[in-house]
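Close look at the chain arrangement
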Amino acid sequence: METAACIIDVNKLNFYYGKFQALKDITLCLKPHKITAFIGPSGCGKSTFLRTLNRMNDLIAGVRINGKVLIDGRNIYAPDMDVVELRRRVGMVFQRPNPFPMSIYDNVTYAPRMKGQSRGLDDLVERTLVRAALWDEVKDKLKVSALSLSGGQQQRLCIARALAADPGILLMDEPCSSLDPVSTLRIEELMQDLKSEYTIIIVTHNMQQAARVADYTGFFLSGELIEFGDSNKIFTKPDDKRTEGYITGRFG
Amino acid sequence: MMPRSGKRRQFKGRHKLTERWFEWIIERIIQASGLLTIVFIMLIFAFLLKNSLPLFKIYPLKAFLIGRDWYPISAPARFGLVPLLAGSLMVTLGSVIIAVPLGVAAAIYLAEVARPSIREAIKPVVEMLAAIPSVVLGFIGLLVLAPYIKNLLDLPTGLTAMTGSIMLAFMALPTIISISEDAVSSVPRDYREASLALGATRWQTISRIMIPVALSGITAAVMLGIGRVIGETMTVLMVTGNAALIPHSITQPVRTMTATIAAEMGETVQYSEHYYALFSIGAMLFVLTFAVNFTAEIVLHRFRGIRR
């Protein structure tokens, strides 16, 4: 076991929606301060896997899970795990930009305010928005509704909002799928920039994106993790025929 | 409604013509039904005005609006609206204070907390509550609640504004719960997920995100509930004690505007002063409920606008 080097250590994880098994025996180790991408066709389980890491699947009725997910060495499915604490440690950015219908300022300060923090919010807003490469565009309209921003700006705001919770790990569920190419590029640059401080895990069905941004890539098919490893290797000479078939566009 | 395709091929031209006529007639019928409701409302209001305005030829409008005594059969008769209006407002306000927190809490429970199977079981029951005839609620209030309140608070009578408020709260609850639940349920799932993913607790998510976003829908639900309560007659007639006095406390008997009309209309001489006065109360009531419903419509409209 190389637990010491893993920030997230998944061991024999099985996941069921009712009778349907969505994840089969997933075992892998994610390294800190790296970007890991998961690719695969629709319905392959990559998003489900991502959502097991901050227990967002808890919201769905009738799911069952076994196996272990260790984050910082703690099993997040242990009975004494505080889900709220877990989600503060593991932030998430969703497929569609979903800022709250309130001001930009209130969006960024949401997580700290929910933690009970009321001081130093102004500094935090500036710091976080600078980090998310949005500050210059919004610094004069922090009190304006977040819904007035463009899609790309909204997504960067959502990233800022997640960063303001001070997570160590950032999950991104197809964060660029509803954005134009320029906004996509900005988000990708931002991810590279954030890598030094955060561990980023991204789900995407854009293989070029995975190849561009990710240090490691995993390929999911029908709930199984077919292949996982260095992105260069996965995209140039994968071990598995199915991986090769998918990345060369033969199916999916 | 469409002609069969075989025939259509055979008599193409003729069928097109009849089809067009048919469409035209259906459209006109539907349009007429729509317009009729407006005509009805206007006719009702005109009828109320026609039967209430003659009062003000013999009795001053100001004395009607701010008069503090309702003595319709004394000589000279006095038709002061204030005690009746106060009765209506007190009973309505009381029922709102009871029904709104309860209703909104129940709606949030159904939309956010309850498991789907429980929600599916409770929602139809809540809507069935709306189907209980008001006279039945009146009976329950008269026979069960009134004696209980009398003993509990040591009052001379259990027929009070409070008794009416409690019974009317039962009538407003289904409306408030059902519409608020729709409002909370229709908050985009994205918001809830985003909030929880940021490490907010379930209660923080409900109170900081779900309720504010659904607020205009909840407001509309409350307004519609109030509209129902203001217009309710039978229950209040049975349980509020029917004393046309300005109440000083919620534990006193009151008489509402609706109950006054229902109780006195049978005993008045047609086209008498008293008869016109009762219609004037009806017109006031109409204006009041119209205002409440109109406000609800505006709020609801805004609520739908935001979600689009």
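Keep in mind it's a predicted model, so treat the numbers as computed, not measured. (Residues numbered from 1 in each chain as written. Chains lettered and ligands numbered in written order. Predicted model: local features only at pLDDT ≥ 70, side-chain atom pairs only at ≥ 80, totals over all residues.)

**Things to note about the domain arrangement of chain B**
All names here are of chain B. Put simply, the test is: Where each domain begins and ends is defined by an automated method or by a domain database. Gly counts as polar in this scheme, as do all residues outside two lists: the nonpolar Ala, Val, Leu, Ile, Met, Phe, Trp, Tyr, Cys and Pro, and the charged Asp, Glu, Lys and Arg.
Segmenting chain B into domains produces domain 1 (5-52) and domain 2 (63-307). Domain 1 and domain 2 are separated by 36 Å when their C-alpha centres are compared. Among the residues making up the side of domain 1 that touches domain 2, the classes are represented as three nonpolar, two polar and no charged.

**Focus: the sheet that holds strand S2 (residues 20-30) of chain A**
Hydrogen bonds along the backbone pair up the strands of a sheet, which may run parallel or antiparallel. Where we set the bar: When DSSP locates at least two bridges between a pair of strands, those strands are taken to pair. In this description a helix means any DSSP run of H or I spanning at least four residues, a strand means any run of E spanning at least two, and both kinds are numbered starting from the N terminus.
Read across the open sheet, the four strands follow the order S2-S1-S4-S5 (chain A); overall the sheet is antiparallel. Every interior strand has two partners, whereas the edge strands, S2 and strand S5 (74-75) of chain A, have only one.

**Quick notes on the interface of chain A and chain B**
Using the following cut-off: A pair of residues counts as a contact when their C-beta atoms, built from backbone coordinates, are separated by no more than 7 Å.
At the junction of the two partners, chain A supplies 18 residues and chain B supplies 15 residues. Looking at the side of chain A that touches chain B, the elements with two or more residues in it are helix H2 (83-89), helix H4 (110-115) and helix H7 (151-163) of chain A. Grouping the amino acids of the side of chain A that touches chain B by side-chain chemistry returns twelve nonpolar, two polar and four charged.

**Brief notes about the sheet that holds strand S10 (residues 224-230) of chain A**
Residues and elements named next belong to chain A. We apply this condition: Helix axes are fitted to C-alpha atoms over the stretch in contact, other axes to C-alpha atoms as well, and angles between N-to-C directions run from 0 to 180 degrees.
As summarised here, the arrangement of the six strands in space is S6-S7-S8-S3-S9-S10, forming an open sheet in which the pairing is mixed. Taken across any chain shown, the strands that pair with only one partner, and hence form the sheet edges, are strand S6 (90-93) and S10. Averaged over all neighbouring strand pairs, the angle between strand axes comes to 15°, with direction disregarded. Where strand S7 (residues 169-173) and strand S8 (residues 199-203) come together, five bridges link them in parallel fashion. Counted as the bridge partner of Leu 170 is Ile 200 from S8. H7 contacts S6 and S7 of the sheet and is inclined by roughly 170° relative to S6.

**Section: the nonpolar core**
In globular proteins that are soluble, nonpolar side chains generally tend to be buried together. To keep it simple, the criterion reads: In plain words, the nonpolar core is the set of buried Ala, Val, Leu, Ile, Met, Phe, Trp, Tyr and Cys residues that C-beta atoms within 7 Å link up. Residue burial here comes from a neighbour count, namely the number of other C-beta atoms, placed from the backbone, that lie within 10 Å of the residue's own C-beta, with 20 or more meaning buried, 12 or fewer meaning exposed, and in between meaning partly exposed.
In terms of nonpolar packing, the biggest core is built from 128 residues, with Ala160(A), Ala162(A), Leu171(A), Ile202(A) and Ile176(B) touching the most fellow members. Those residues in contact with Ile202(A) that sit more than four places away from it in its chain are Ile35(A), Ala37(A), Met172(A), Pro175(A), Val213(A) and Ala214(A). Within the second largest apolar cluster, 14 residues are counted, among which are Leu84(B), Met257(B), Ala277(B) and Phe279(B).

**Some thoughts on the environment of Ile122(B)**
Residue and element names in this part refer to chain B. Relative to the assigned elements, Ile 122 resides in helix H6 (residues 116-129). The exposure class of Ile 122 is partly exposed, given the 16 C-beta atoms found within 10 Å. When the C-alpha atoms of Ile 122 and Met 90 are compared, they prove to be 31 Å apart, with 32 residues separating the residues in sequence. Setting aside residues up to four positions removed in sequence, Ile 122 forms contacts with Leu 110 and Ala 114.

**A closer look at unusual backbone geometry**
Excluding glycine, a negative phi dihedral is what most residues carry, and trans is how most peptide bonds are arranged. Residue Ala75(B) is joined to Pro76(B) through a cis peptide bond whose omega torsion reads 0°. Structurally, the position occupied by Pro76(B) is in the loop between strand S1 (70-71) and strand S2 (78-79). Of note in this structure, Lys12(A) is not a glycine but carries a positive phi near 50°. Mapping Lys12(A) onto the fold places it in strand S1 (residues 8-17). One non-glycine residue, Arg55(A), lies in positive phi territory at about 55°. Looking at the secondary structure, you find Arg55(A) in the loop between helix H1 (46-52) and strand S4 (63-71).

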